[in-house]
Structure formats: C-alpha cells, structure tokens
Amino acid sequence: MDADVSDSPGTPAEPDRPDHPAGGGPADGSQDASEAAPQDGAAGEAPRASAAADGRPEPGPGAGDGGPEPGASDNRPEPGPGASDGAGSGTWGARPQLGPQGRGPHWLRWTALAAAFLVLVAAGAGWWLYKKLDGNITTDTSAAAELKAYERDRPLPIARNAQNILLIGSDTRSGENSAYGRDDGGSQRSDTTILLHLAADRGSATAVSIPRDLMAEIPSCHTADGKATNKQFAQFNSAFELGGTACTIRTVEKMTGIRVDHHMVIDFNGFKDMVDAVDGVEVCLQAPVDDPDAHLKLPAGRQKLDGEEALGYVRARKSIGDGSDTERMDRQQKFLGALVNKMQSNGVLLNPTRLYPVLDAATKSLTTDPDLDSLRDLYDLVRGMRNVPTEKVQFLTVPRKAYYANPNRDELVQPDADRLFAQLRKDRPVAVVPAETVNSGDSQADHSSGKDPSGRKPGATDGSPTPDPTYSGSNAADDPCGA
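Residues numbered from 1 in each chain as written. Predicted model: local features only at pLDDT ≥ 70, side-chain atom pairs only at ≥ 80, totals over all residues. Heavy atoms only, no water.

What to know about the overall build of the protein
- In terms of helices and strands, the protein carries 10 helices and 17 strands.
- Sequence separation of at least 24 residues holds for 62% of the intrachain contacts in the protein that already meet a minimum separation of 6.
- When the accessible surface of the protein is split by element, carbon and sulfur atoms take 53% of a total near 26600 Å². (Helix = DSSP H or I, 4+ residues; strand = E, 2+ residues; numbered from the N terminus. Contact = heavy atoms within 4.5 Å. Areas by Shrake-Rupley, 256 points an atom, 1.4 Å probe, with all protein chains shown as cover.)

This is the structure:
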C-alpha cells in the first residue's frame, strides 16, 4: 500500500503564484510552468480515477486520498486547489465580512419597502382628495338638455380656443342660505351675472357684468315643472327665476350674439368659503358702514374682509356709496379683482396645499354644465388663467343708461354695446380704463365709451392703427385704495 500513494500532502501551495496550474507553483521556483504541468497531471491522474470508481468525493489536486481530518469544522471555507486543509492564505480572502457592513442589504430592503409604502399612502390620499373634490361638484343636466333642444337658435362659436363662461351668483334663500333673507318656496334668483371671456392665447380675461335690472328680450323657456313661458321683454334677472340657467344663457346669447361655452352657478356660502380659504381679501372703504341687513359693520379705510364680511360688502346696496346697482356692480368687480390678485400674488394657484381649500370651498357650492363638472376640467381652466397678468384681468359693465320708460331700470347704449359684444365674439382686444380717464360727452360716459382716451375717434385714418374700443372699468392689478 505504500508505494503508490504518498502519506504527505507535500509542499503547501502558494496562492500568490498564478503561474502554477493548481493555484501554487514549485516551492523554490526552480521549475517553470512547462515542466510543472505534465508532472502534476501525471501524478494526480490515478488517485482521481480511483476516487471516482468507489463513489467517494474527488479530492482536490495535491491532496491526499483520505477525507477531512477528524475534528475539522464542516463550515470552513473549501480549500482552494493545491492547498492543504488548514493552510492557504487564499481561502481567507473569500470569507464573507461580518459586522455592520454585512447587514447593509438587509436595511436597504427595509428602506425600499418603507418608501414604497409611503408612496402608496400618498397616492391613496391624493386619490381620496381628488374624488372628494370631484364629488363636490353638481352637474346641471337639465340646462344641458334645454340648450340642446334649442341648438339651432344658438350662435355659432367664431374664435377657436377662446372660452366664454357665464358666471351666475345665485341668491336663493333655501337651505343654508336662508339666513340671508326670506325663502319664497326655494325660488332662485340671479343676484350677479358675469360673462367671462378668456382669450384664445390666454393672454387676457375680460369679465363683463350684466345688470340685474337691465331690460332684455327673454325667449320662451321651460320652467322647472316643464311648462313653457311666453317670450317677453322684461328685467334681465327674471330669466333665471323663470327658466333657470338655460333661460339665462339663451337670453345672454340673444343679447350679445356670443356663444356661451360653459356656465357656473355659485351660491352665497361658496363665495364666503372661498374668501376664507385665501385668508381674506383687502378692500378700501371711503366711509364707515353699518348695515344690519347685510350683516356688515366696518370702519373706513383699508382693511381685510373675511368671508361673511365680504358677502355683505358685495351685496350691500343702500348702505355703501349712492345705493345704486351701478355702484354695487363696480364694487363687486373691484372685489373680484382683489380676489384674483390675492390668489396670484400669494402663489395659491401654483401651490397644491393652498389651492386645495379654495377648490374645496368652490366645488361644494358649484353647479356646472356636464363639460365642466370634473376637477380635471376645472383645473385645466384654472391652469389656463394662472399666467394671465393681473393687469390683463379686466372688469367692466355693459354700456347702459336709465331705461326711458322706468328710471329704475336700465337699457343698453347703442352702438357701444354691440361694438363690445363684437370684439368679444371675435376675440379681439378691449381696453379698460378708470372711469375718470374716459372722455365725457356721451350719454353713458360714467359707464363706458367707444372713444379712445387720447380723443381720437374710432376708425380715424391718421396713419395709426384703429384703436381698441375703450370702456370704463378696472383690472385685478388696481390698488383698492387707489394708492
């Protein structure tokens, strides 16, 4: 048994000698690779064949034919080729490192799981908020059906991508609004009506107030119970009381020739909540106000109004100014301008956390047409307006004067009114300046003028372009105290 198998493993292998075919070269380095290879192959061929024959594990090159030494740990790293069982510095470099670095992948997995969980929670919360706001909006399907029935009588849109939106402030006294007056069976009234024109390039927005006392041609409409009304020449706001939103839209379209693309109806509480959501709006009073009917008691001067005070301020008639509806509309326009300025200057429209309370307040008391009844649609509308310069957000009232048959009613001043409607219909510019800037001399100098402030007549051919029609009004950049 002794001649064929060596009892000693021989000289330990050197792992840092890559020229040896088994991982270690000759101990003294006297042999080169060409000599070592055949010797190793010749000497080791028989043991490998013998081990394979009896089913035992094949020992590594240079090892004995026995198994592991008694007492050796089974968890030790497997010795490299040509190395002894207990030696060989090459085996220690392959050991896994212990300590904090070894736990890195474990904590990385937990961090990734936590991040994924937070993303899911945020996405779920965002979806819940979206659905809540989306569900706040009321869709006016009856108005859409009524307008569809009279589609042939409606004006065609002219300016592509321009938008005309009718804003209706409802002063119904039913439900939560009963605190502001007697409820006549839940009847609806339009306290304020504004035709908002958004230019196709979204470079300007023009809001035109239509007086509630303006005499207008009201077409035959259908009441809430389906009865048809008679065509009549009556006070403008009776259209809303007779036939609701659809009747008001058709009256405006007949008066202006402008296609109304969308409409919004907002009630008292929605207005109040929007003002509170932006932390109040600043106004300027020339004199103190004490009006119990409007729930309003304020000192003179510059001050910030909360929602309840703001509602009384825009609705009051007898206690502020000269008590006329004209003065009240001017006050409403300036307040809306201050509200737009507050939202833009304070970054409300660009900050989701600040925009959410405003949208929540608005949508809870908002009724719209089916094409504007989702949060996405409203957001697209707001996004289109947020870059409009405040000086290009303009407010004015249709040119009008006292109605000849009743001085307590209004009638349109022509041709000024038709000229204004034509400019908006064709998406052409309209200039708005303070009333004192507009030249006097015509019957509606206090309200609007088709004249250029320089005194040049419209259409004059002096080598200059025809001036834009100019009307008295205000813009969102105006200071409430005129400073």
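Quick look at the packing of aromatic side chains
- Going through the model one piece at a time under the given rule, you end up with four aromatic pairs.
- Here tyrosine 403 and tyrosine 404 contribute two aromatic rings whose centre-to-centre distance is 4.9 Å and whose plane-to-plane angle is 70°, an arrangement assigned as edge-to-face.
- A residue is classified by how much of its surface remains accessible, and tyrosine 403, at 13% relative accessible area, is buried.
- Here the aromatic cluster, defined as three or more aromatic residues joined through ring pairs, consists of Phe233, Tyr403 and Tyr404.
- The cationic tip of arginine 331 hangs over the ring face of tyrosine 313; the distance from NZ or CZ to the ring centre is 5.6 Å. (Phe/Tyr/Trp six-rings, centres within 6.5 Å; stacked < 30°, edge-to-face > 60°. Buried < 20%, exposed > 50% of the residue type's maximum accessible area, 1.4 Å probe, protein only. Lys NZ or Arg CZ within 6 Å of the ring centre and 35° of its normal.)

Structural notes on empty space enclosed by the protein
- Applying the stated criterion across every chain yields a total of three cavities of 30 Å³ or more.
- Of the pockets and cavities examined, the largest cavity occupies roughly 1100 Å³.
- Leu167, Met264, Met274, Leu336 and Leu339 are, among the 41 residues lining the largest cavity, the residues nearest its centre.
- Examining the composition of the lining of the largest cavity, we find that six residues originate from one element, helix α7 (residues 325-345), more than from any other.
- Residues belonging to the lining of the largest cavity are distributed by class as follows: 31 nonpolar, seven polar and three charged.
- In this structure, the second largest cavity spans a volume of roughly 60 Å³.
- Lining of the second largest cavity is provided by 13 residues; of these, Asp191, Thr192, Thr193, Ile210 and Met329 occupy positions nearest its centre.
- Looking at the lining of the second largest cavity, the elements that each hand over two or more residues are β3 (190-198) and α7. (1 Å grid on protein atoms, 1.4 Å probe; cavity = no way out; pocket = protein on both sides within 12 Å on 5 of 7 lines; lining within 4 Å. Points joined across faces, edges and corners; volume = space filled by probe spheres on them. Nonpolar A, V, L, I, M, F, W, Y, C, P; charged D, E, K, R; others polar.)

Notes on a nonpolar patch on the surface
- On the surface, Trp107, Trp110 and Leu113 cluster together into a nonpolar patch covering about 400 Å² of accessible area.
- Within the secondary structure layout, leucine 113 lies in helix α2 (residues 104-136). (Patch = residues over 30% accessible without salt bridge, like charges linked within 9 Å, V, L, I, M, F, W, Y side chains within 5 Å. Salt bridge = Lys/Arg side-chain N within 4 Å of Asp/Glu carboxyl O.)

Regarding helix α9 (residues 375-385)
- Residues of α9 that are buried: Leu375, Leu378 and Leu381. All buried residues of α9 project into a common sector of 125° when viewed along the axis, lining one side. (Arc of directions from axis to C-beta.)

With respect to the confidence of the model for the protein
- In this model, the protein carries an average pLDDT of 73, and 64% of its residues clear a pLDDT of 70 or more.
- Within the model, pLDDT remains below 50 along residues 439-466, and this stretch shows 48 contacts once partners closer than five positions in the same chain are excluded. (pLDDT = per-residue confidence, 0-100.)

Section: the side chain of histidine 262
- Take histidine 262: it is sitting in strand β7 (residues 262-266).
- Within the structure, histidine 262 has its side chain in polar contact with the side chain of glutamine 163 (distance 3.1 Å).
- The residues contacting histidine 262, other than those within four sequence positions of it, are Gln163, Asn164, Ile165, Leu166, Asp369, Asp371 and Leu372. (Polar contact = N/O pair within 3.5 Å; in protein donor to acceptor, adjacent residues only side chain to side chain.)

Side note on the nonpolar core
- In terms of nonpolar packing, the biggest core is built from 32 residues, with Phe271, Val281, Leu296, Leu305, Tyr313, Phe335 and Met343 touching the most fellow members.
- Top element by residues in this core is helix α8 (residues 352-364). It accounts for five residues.
- Ranked by size, the runner-up nonpolar core spans 28 residues in total, among them Leu166, Ile249, Met255 and Val265. (Core = buried A, V, L, I, M, F, W, Y, C linked by side-chain atoms within 4.5 Å.)

Focus: the pairing of strand β4 (residues 205-209)
- Where burial is concerned, most of β4 is hidden: five out of the five residues are buried.
- Burial of β4 is two-sided: the residues Ala205, Ala207 and Ser209 facing one way and the residues Thr206 and Val208 facing the other way are all buried.
- When β3 meets β4, the two strands line up antiparallel, connected through five bridges. In the strand pairing of β4, leucine 195 is matched with valine 208.
- Hairpin remark: β3 followed by β4, antiparallel, with six residues in the connecting loop; positive phi at arginine 202, about 55°.
- Judged from the five bridges that link them, β4 and strand β13 (residues 393-397) form a sheet pairing that is parallel. In the sheet register, valine 208 faces β13, and the bridge partner there is leucine 396. (Pairing = 2+ DSSP bridges.)

Side note on the pattern of salt bridges
- Tallied over the entire structure, the rule returns nine salt bridges.
- Linking lysine 272 and glutamate 308 is a salt bridge whose minimum nitrogen-to-oxygen distance equals 3.0 Å. Of the two residues, lysine 272 is situated in helix α5 (residues 268-277) and glutamate 308 in helix α6 (residues 307-315); the sequence distance between them amounts to 36 residues.
- Among the charged side chains, a salt-bridge network with shared partners connects Glu151, Arg154, Glu253 and Arg259.

Focus on the sheet that holds strand β16 (residues 431-433)
- Strand order in this open sheet of nine strands is β1-β12-β7-β2-β3-β4-β13-β17-β16, and the pairing throughout is mixed. Edge positions in the sheet fall to β1 (138-139) and β16, since each has one partner strand and no second.
- By the bridge criterion, three bridges tie β7 to strand β12 (residues 366-368) in an arrangement that is antiparallel. Each bridged residue has a counterpart across the sheet, and for valine 265 the counterpart in β12 is threonine 367.

Regarding the pairing of strand β2 (residues 163-170)
- Of all the eight residues making up β2, seven are buried; the element is thus mostly covered by neighbouring parts of the structure.
- Taken together, the eight bridges between β2 and β3 define a ladder with antiparallel strand orientation. Note on β3: the bridge partner recorded for isoleucine 165 is leucine 196.
- As paired strands, β2 and β7 are joined by five bridges and run parallel to one another. Looking across to β7, one finds that glycine 169 is bridged to isoleucine 266.

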